[in-house]
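Reading the structure
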Amino acid sequence: MGLGLLAMALRFRLNDRMGCARRIKSLKPLLLALIVLFNPLQFAKAQQIAGQFDPAFETALALWLDDDEETALPALAGLAREGNIAARVLLGMIDKHSALQGPWVSLLPKGERVALLRTDGGLSGTSWLRRVGDVPAVKLWLDILDSKADVAAALAFADMGEARLLRAGLIALEARQHTGFEAFQNDPRYPGELRYLIWREWQKDGETLVLDRALSKLPKGDPQRRIIQQDAPQGRVESWLLATKLAPSLQTLCRAGCADSLPSCLRAGYQTMGGYRRFATLGTPLASLIPEARFAASARGQASVLRRGLLYAFLTEERLQPIAETDACFANLLAQEGQKF
């Protein structure tokens, strides 16, 4: 539609030869905007990783997403040893994130698990992430884990199309008592879901008026309100959970398994995470390898929500009871998953 409008505008203006040069000049902003809009490079943020289109890797990845670890992980380990970078990246991310590990690999003896997920080196093996060469998203993630990155560096995840890693990176910096978030309040790459990091610095600086204005623009159920002001008016978190772009895996899980109690299922899932920070880092291990939508639709993606909840605390009757009071269906899904381990 945009290109058609542009063609009509050009035909109309070029018919008027007397004002041709001046009028084409006036179209320059529109031309530039359309070049940006229809430039396919704008949609190619995620960098390709060597080996990700290897048929053997694609097969192993599909099996892993189907939650078939027993077949997928040995295949990925073999590919990693043969030099497939994509397999090394995926194994490294699985090794670093326990919620991505299912019962088969979790119940292996430690030596076998290490041999499967890591390469040689050190007392307990070395992460494959340190054997992938120049993969920018992985290099930046390791810099964050090694405390070598700051907020400015972490924002580069946005340029790579890695929204979850961006949130996880900023939250990791927060956990290390990093400051200076407010300097990036006008950076378009800064995620709205983590504005609380900026607002908390405003709060410390006594900027109450600007903080109150910012909070007033939030949906009433947005959990960021409670992080900043414990006594802030709270809306129903269910409406926010239904609308948020965070954690599509939880939304898919509840729609598939608890459709009759969708709002309360979402609230129980959020409750199970143990806080907003853990909730905000749910999602695909790496969008470059597995787009968020594909991960959310997969058995692995949905199981990762339950496994993240199980990792937060032991699944006891005392813990399960309040979850069941929120939503019995989600509590049942959680209990079934817990039995697998």
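What you are looking at is a predicted structure, and each value in this text was computed from that prediction instead of being measured.

With that settled, consider helix H12 (residues 163-175). In a regular helix each residue adds 1.5 Å, so 13 residues correspond to 18 Å; H12 covers 19 Å between its end C-alpha atoms and thus fits that length. Turning to H12, its buried residues number three or more, namely Arg164, Leu165, Leu166, Arg167, Ala168, Gly169, Leu170, Ile171, Ala172, Leu173 and Glu174. Looking one or two places after H12, you find Gln177, whose phi comes out positive at around 65°.

Assignment of secondary structure puts Arg167 in helix H12. Comment: no salt bridge for buried Arg167; closest opposite-charge side chain is Glu292, at 5.1 Å. Sequence-distant contacts of Arg167, defined by excluding residues within four places in its chain, comprise Glu193, Leu194, Leu246, Ala280, Thr281 and Leu282.

A word on helix H6 (residues 85-96). For H6, which comprises 12 residues, the first-to-last C-alpha distance of 16 Å matches the rise-based estimate of 16 Å (1.5 Å per residue) to within 8%. With 11 of its 12 residues buried, H6 lies for the most part within the structure. Of the residues making up H6, those classed as buried are Ile85, Ala86, Ala87, Arg88, Val89, Leu90, Leu91, Gly92, Met93, Ile94 and Asp95. The N-cap of H6, judged by a side-chain oxygen 3.0 Å from the amide nitrogen of Ala86 a few residues on, is Asn84.

A full pass over the atoms with the stated rule returns 2 disulfides. Through a disulfide, Cys258 is tied to Cys329; the S-S separation comes to 2.0 Å. Taking the torsion about the S-S bond as the criterion, the Cys258 to Cys329 disulfide, at about -85°, is left-handed. Of the two residues, Cys258 sits in the loop between helix H17 (248-257) and helix H18 (262-273) while Cys329 sits in helix H23 (residues 328-340), which places them 71 residues apart along the sequence. Assigning the bonded cysteines of the protein consecutive numbers by sequence position, one obtains the connectivity 1-3, 2-4.

Our focus in this paragraph is the environment of Glu174. Looking at the secondary structure, you find Glu174 in helix H12. Those residues in contact with Glu174 that sit more than four places away from it in its chain are Phe181, Tyr196, Leu197, Arg200 and Arg277. One polar contact links Glu174 to Arg277, side chain to side chain, over a distance of 3.0 Å.

Let us now look at the environment of Ala56. Considering the arrangement of structural elements, one finds Ala56 in helix H4 (residues 55-65). Considering only alpha carbons, one finds Ala56 and Ala87, 31 residues apart in sequence, at a separation of 9.9 Å.

For the rest of this paragraph, the subject is the packing of aromatic side chains. The tally for this structure, following the rule as stated, stands at 4 aromatic pairs. With a centroid separation of 6.1 Å and 80° between ring planes, the pair formed by Tyr196 and Tyr276 is classed as edge-to-face. Placement of the pair is Tyr196 in helix H13 (residues 196-204) and Tyr276 in helix H19 (residues 276-280), with a sequence separation of 80 residues. In this structure Tyr196 comes out as buried when scored by relative accessible area, which is 0%. Tyr276 sits in the buried class, given a relative accessible area of 5%. Arranged with centres 5.9 Å apart and planes meeting at 50°, the rings of Trp240 and Phe279 form a pair that is tilted. On the criterion of sequence distance, the pair formed by Trp240 in helix H16 (residues 237-243) and Phe279 in helix H19 is long-range, its members being 39 residues apart. The residues Trp240 and Phe279 share a single accessibility class, namely buried. One aromatic cluster in this structure is built from Tyr196, Trp240, Tyr270, Tyr276 and Phe279.

Right, let's get into the pattern of salt bridges. This model, assessed by the stated rule, comprises 14 salt bridges. With a shortest N-O distance of 3.0 Å, Asp146 and Arg130 are connected by a salt bridge. Of this pair, Asp146 sits in the loop between helix H9 (136-145) and helix H10 (151-154) while Arg130 sits in the loop between strand E2 (126-127) and H9, placing them 16 residues apart in sequence. Judged by relative accessible area, Asp146 falls into the partly exposed class, the value being 31%. A salt bridge links Arg277 to Glu174; its shortest N-O distance comes to 3.0 Å. With Arg277 in helix H19 and Glu174 in helix H12, this pair connects stretches of sequence that are 103 residues apart.

As a further point, take the nonpolar core. Side chains of nonpolar character tend, in soluble globular proteins, to be buried together. Core analysis: the largest hydrophobic core is formed by 95 residues, its most contacted members being Trp64, Leu170, Trp199 and Phe279. Each residue touching Trp64, except ones within four places of it in the same chain, is listed here: Ala72, Leu73, Leu90, Ile94, Leu100, Pro285, Ile290, Phe295 and Arg300.

So, on to the packing of H17 against helix H21 (residues 299-312). Viewed as axis vectors pointing N to C, H17 and H21 meet at an angle of 100°, and their least axial separation amounts to 8 Å. Overall, the two elements H17 and H21 adopt an arrangement that is roughly perpendicular. From H17, Ser249, Leu250, Thr252, Leu253 and Ala256 reach across to H21, where they touch Gly301, Gln302, Val305 and Leu306. Class assignment of the residues belonging to the contact of H17 with H21 gives a composition of 5 nonpolar, 4 polar and no charged.

Further remarks concern unusual backbone geometry. Most peptide bonds take the trans configuration, and most residues that are not glycine carry a negative phi. At Gln177, a residue that is not glycine, the phi angle is positive and equals roughly 65°. Here Gln177 is to be found in the loop between H12 and H13.

Analysis parameters
Residues numbered from 1 in each chain as written. Predicted model: local features only at pLDDT ≥ 70, side-chain atom pairs only at ≥ 80, totals over all residues. Heavy atoms only, no water. Helix = DSSP H or I, 4+ residues; strand = E, 2+ residues; numbered from the N terminus. Expected span 1.5 Å × (residues − 1). Buried < 20%, exposed > 50% of the residue type's maximum accessible area, 1.4 Å probe, protein only. Lys, Arg positive; Asp, Glu negative; His and termini not counted. Salt bridge = Lys/Arg side-chain N within 4 Å of Asp/Glu carboxyl O. Contact = heavy atoms within 4.5 Å. Polar contact = N/O pair within 3.5 Å; in protein donor to acceptor, adjacent residues only side chain to side chain. Disulfide = S-S within 2.5 Å. Phe/Tyr/Trp six-rings, centres within 6.5 Å; stacked < 30°, edge-to-face > 60°. Core = buried A, V, L, I, M, F, W, Y, C linked by side-chain atoms within 4.5 Å. Axes fitted to C-alpha atoms, helices over the stretch in contact; angles between N-to-C directions. Parallel < 35°, antiparallel > 145°, perpendicular 65-115°, else oblique. Nonpolar A, V, L, I, M, F, W, Y, C, P; charged D, E, K, R; others polar.

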